[in-house]
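# A structural walkthrough
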Amino acid sequence: MSNSLRFKTSKFIDETYRVSFKFNNKTYFGFKGDTLASALLANGIHLVGRSFKYHRPRGIMTSGSEEPNAIIQLHDNSSRTEPNVRATEVEIYEGLVASSQNCWPNVNFDIGGINNLLSPILPAGFYYKTFMWPASFWEKYEYFIRKSAGLGKSPKVADPDIYEHNYIHCDVLIIGAGISGIIAAKMAAKNGFKTLLVDEKSYLGGSSIYDNSEFSKINNQITSSWLEKEINEISKLENLEIKTTTSIAAFHGYNFLLARENLTDHLPINQRNGKVRQKLLKIRAKKVITATGSIERPLIFDNNDRPGILLSSAIKKYIDLYGVACGENNILFTNNDTAYETALSLIQRGIKINAIIDNREQIDSKISYEVEKNNIKIYKGYSVVDTYGYKRINKISIMKLSKDGQKLIGEKIKLNCDCLGVSGGWTPAVHLFTQSGGKLKFREEDQVFIPEVYPSDQISIGSCNGDFSLDEVVKNTLSSIKKFLNIDNSEFKTIEIISGLNQSKRNIWLLPSDKSIGKTKSFVDYQNDATSKDIKLALREGFRSIEHVKRYTTTGMGTDQGKLGNMHALGIISETAGTKMGEHGTTTFRPPYTPLTFGAIVGRNVGEFFDIFRRTPIHDWHIANNAKFENVGQWKRAWYYPKKNENMHQAVQRESKAARDSAGILDASTLGKIDIQGTDASEFLNRVYTNAWSKLAIGKCRYGLMLNEDGMVYDDGVTTRLGENHYIMTTTTGGAANVLGKLEDYLQTEWPELDVYLSSVTDHYATISVCGPNSKKIVSKVIPDLNFSDEKFPHMSFKDSKINNIKCRVMRISFTGEHSYEINIQANYGKSVWEKCMEAGKDFNITPYGTETMHLLRAEKGFIIVGQDTDATMTPIDLQMDWIVSKKKYDFIGKRSLYRSDTIREDRKQLVGLLTENPDDVLEEGAQIVADIKKTPIEMLGHVTSSYYSPNLKKSIALGVVKGGKKMLGQKLIIPMENKNINVTVADPVFLDKEGERLNAKL
Amino acid sequence: MFLINCPFCGEREQSEFKAGGEAHIVRPKQPTELSDDEWAEYLFMRKNIKGVQFERWNHIHGCRKWFNMVRDTSNDQIKAVYKMGEKPPVK
């Protein structure tokens, strides 16, 4: 550690606690309390990274979350490594490892630096313009462009850390614990408001907590001492919760805010295990007080980006808070008084200031006189015109400004330095205010945007509201909070403030240069290498909207979102275009204010909780029997059950054959089940289904088709009449929730007069379907109490029964075309009844089958699957299901749409069967169907919706939709594939047992 | 994110609700009497106003009740909520 740069005067640094860390593979030392930036500066290191486009050497520029340059890769392992971390925000701990980004082979010698020399041919929009043509070359360019795109490396393996989400409700949320935030917190909490105070820093008090100047006093005490007492006092208040290292990421409408709270990032890695790293706080506040402060503006001049050039306020903070001098030969360049505060801090510790360059002709403030008294040369009315030194600034040149500030006059003077502090005044941090929907106004005097219209119960105070001097901040905070919280007692009886600053400022957005603009590099956005020249080019090329200029030049699009340079970009645009600043507005400030980790965003919703799935009561049995699963909606459904060495095709063929030859068993528990009760239940079903329900006898089942009001098929399923006013409806697995929602919608909004109640009972029952010629024998064994004779228990009917005293419902319904029974039993008995069926079916080769076989079996019968054979453009008529559409009913949902001019067209796509010329050719689902391949462009008639090889028919079968297909029976069509054209014949969609002999066979 | 005052449950997060489009569009009592154009008007045509709009909302992850809301779409201010079948309390 270079001793000459560390001054042991700071209360915030624990000098007894030495911390070692690694930066770019070299070990350094700092103290507990240091940030990575302050520790590096104490070691004399400014060069920490390379810029994005030109790979120019860049140093630490700021001391906070606005940092554009010092973004580093933190951690060297592949699980925790994090790119784009601001060195100014990382607290160092023993064993910290960090490295520079965007440089190769290293930050001192970076091959990409050649881009800097090539910069004359790399203007804004270079990539857009150059790589547009010839279009076919994009594939060749892409590899190289992608390689050079992006900053840092992302982690390669799972994050070992834990993240959480928390909800917080409070009366008052105060964002920012600077002096105004502290005052507001005390007033709110002491007046009975449940208050939450958050700050992104690890300490409270903002910049006032290290304001030790004799020139700023409150009640005759130095500001920092006064504030320290206040902080001590509020930390004891019960009504007040304080969260440090907590950054508000987003301020949404209705005072809903997201914050990221850092909990373990300051700890050595071995102390983090099992602890929550970050919390995403979801805050709902009745009132919000924004006290986010302001960000110092840089100044825009040629080569304003060299390592060693910092914001003047950052230099002050590094010396006052961390006891670190950023340089030994300092120069300050300013257009306002705040640089003199920095000067006094440096003078206090005997750190050399070579000169102050002030672009104002007249300076009249107590602190400027105090600085002059210390024999420091102040160049009044001068501007920096250039800087020198590749990896660290070593010299600047200055010239006198003309009266209008647009030209340079006189001799060029060169001055030596190793550190240049710049101050262009202050920009209120209005990001969160505008995110919440607030409208800004432009204040001409000092060229700042400040809050004007609040969209919710909120207020901005302090410098984010445009109050920059200590007395303004304190006095306005007191009066606004009193009014905002409607309180009398301010807690601050008398308050006397001394402030040595004068508000004068000479704002020049782009300082003049003695070179032509084409030869300058005056950076507006440091991270993205956008210069004033680029902005002017964009304007020359016709861009006018600030949003367009931003995207064309990439100004403000880095990880820092242009916190430093956006205002200058606006200023240069309005100066160049000759318009008024306020008229342009600003670019949109979008969340997050500072980047969020993915960990914080997902919280605990990782691994199996990322997208939770539903399991049937029989799930464990499926797993034990080697089922492969398919996702259907949120459900995991058994897909097929391969035996040793079987592939999917073989398993499905075996299952399908067994189901028709002897017996198959399917877990149908996922089907949606809606219990419908009420005196108008029958009338209700009449209105929601296309067919008639009034005459369905108790104990009978009926298949129903449900449409949308536009006449398109929405869902289908079997509904059973359990009693006079009681039905149970089944829906498709994926459609269950939406069907219930739709039915509730009609009941509550269109037909509130109907006496009908709906309950979802999907999860209450396990549903086991046993099918095949031996199904009756098997279920008779499982339910010996029930008479299964065809006379007593015909197809499409239901019986209540019991299995070992447990109530069950048995339906004789079929989705396979086989004789089949569906047992519904309380869910927790599902697995044991399934096992009973397996046991009873042992002698009949009962074969569990999954969804794939179910799909195959139903396709043999030509039964549709809603969502596979239909999309939202198929009417029942298109599906050749005219038989289910009641002609007699006056109305049902979708009826009127079935004879709109469009739905009665005869050339609509209609469902047909397709048989391939070669019975072994299995079509691809989704394949196009055409008639004529000679005429180009080839007309597409439709597509294949379902396709299988049927082991029962020993041939390939498919369903598809074809324009005018109904009238094309027997016609030859073509399915053009990549390697060959497959000839098909249009067929009846029912391939097997059209007469229903299997279904009604006496067993 | 809105804070919605469900007429049945009180204030709840927006994430508990589902938006259901424009309100006060009554399903015709005799659809078969309507011309194609009249039916299309009911079926497809929505106003999508910038400004004060009457909307249907459903407390889908709560009481599952549908209700109406008056919302200014230009600034997302909710002017009123009221039950189905009730007259809007504001114009």
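Here the structure is a predicted model, which means the values were calculated and not measured.

### Considerations on the overall build of chain A
Scanning chain A from terminus to terminus reveals 24 helices and 50 strands. Along the first, second and third principal axes, the C-alpha atoms of chain A reach 115 × 70 × 55 Å. A burial count over chain A gives 59% of its 1003 residues as buried. Considering only residue pairs separated by 6 or more positions, chain A has 66% of its internal contacts joining residues 24 or more positions apart. By element, 51% of the accessible surface of chain A is carried by carbon and sulfur atoms, the whole surface being about 41,700 Å². Of the charged side chains in chain A, 129 are positive and 117 negative, and the gap between their average positions amounts to 2 Å.

### A look at the sheet that holds strand S40 (residues 765-771) of chain A
Strand pairs in the sheet, formed through backbone hydrogen bonds, run parallel or antiparallel to each other. Residues and elements named next belong to chain A. Here six strands make up an open sheet; going across it, the order is S41-S42-S43-S40-S34-S44 and the pairing mixed. Each edge of the open sheet is held by one strand with a lone partner, namely strand S41 (797-803) and strand S44 (847-848). The sheet contact formed by strand S34 (residues 664-667) and S44 spans two bridges and is parallel. Considered in S44, the bridge of Ile665 is made with Pro848.

### Considering the packing of helix H12 (residues 532-540) of chain A against helix H14 (residues 566-577) of chain A
Residues and elements named next belong to chain A. Their axes nearest at 10 Å, the elements H12 and H14 cross at an angle of 45 degrees. It follows from the interaxial angle that H12 and H14 lie oblique. The way H12 lies across H14 gives a crossing that is right-handed. Contacts between H12 and H14 involve Ser532, Ile535, Lys536 and Leu539 on the former and, on the latter, Ala569, Ile572, Ile573 and Thr576. In the contact of H12 with H14, the residues fall into five nonpolar, two polar and one charged.

### Considerations on the domain arrangement of chain A
Assigned domains of chain A: these are domain 1 (3-117), domain 2 (162-294 + 428-499), domain 3 (304-423) and domain 4 (858-999). The C-alpha-based centres of domain 1 of chain A and domain 4 of chain A are spaced at 66 Å.

### A word on the pairing of S40 of chain A
All names here are of chain A. The buried fraction of S40 amounts to six of the seven residues, a majority that puts the element mostly inside the structure. By the bridge criterion, four bridges tie S34 to S40 in an arrangement that is antiparallel. Along S40, the bridge assignment pairs Ile665 with Val770. Relative to strand S43 (residues 820-826), S40 is paired through seven bridges, and the arrangement is antiparallel. Within the sheet, the bridge partner assigned to Ala766 lies in S43 and is Ile825.

So, how was this worked out
- Residues numbered from 1 in each chain as written.
- Chains lettered and ligands numbered in written order.
- Predicted model: local features only at pLDDT ≥ 70, side-chain atom pairs only at ≥ 80, totals over all residues.
- Heavy atoms only, no water.
- Helix = DSSP H or I, 4+ residues; strand = E, 2+ residues; numbered from the N terminus.
- Buried < 20%, exposed > 50% of the residue type's maximum accessible area, 1.4 Å probe, protein only.
- Contact = heavy atoms within 4.5 Å.
- Areas by Shrake-Rupley, 256 points an atom, 1.4 Å probe, with all protein chains shown as cover.
- Lys, Arg positive; Asp, Glu negative; His and termini not counted.
- Charge placed at Lys NZ, Arg CZ, Asp CG, Glu CD.
- Pairing = 2+ DSSP bridges.
- Axes fitted to C-alpha atoms, helices over the stretch in contact; angles between N-to-C directions.
- Parallel < 35°, antiparallel > 145°, perpendicular 65-115°, else oblique.
- Left-handed = near helix turned anticlockwise from the far one by under 90°.
- Nonpolar A, V, L, I, M, F, W, Y, C, P; charged D, E, K, R; others polar.
- Domains from an automatic or database assignment.

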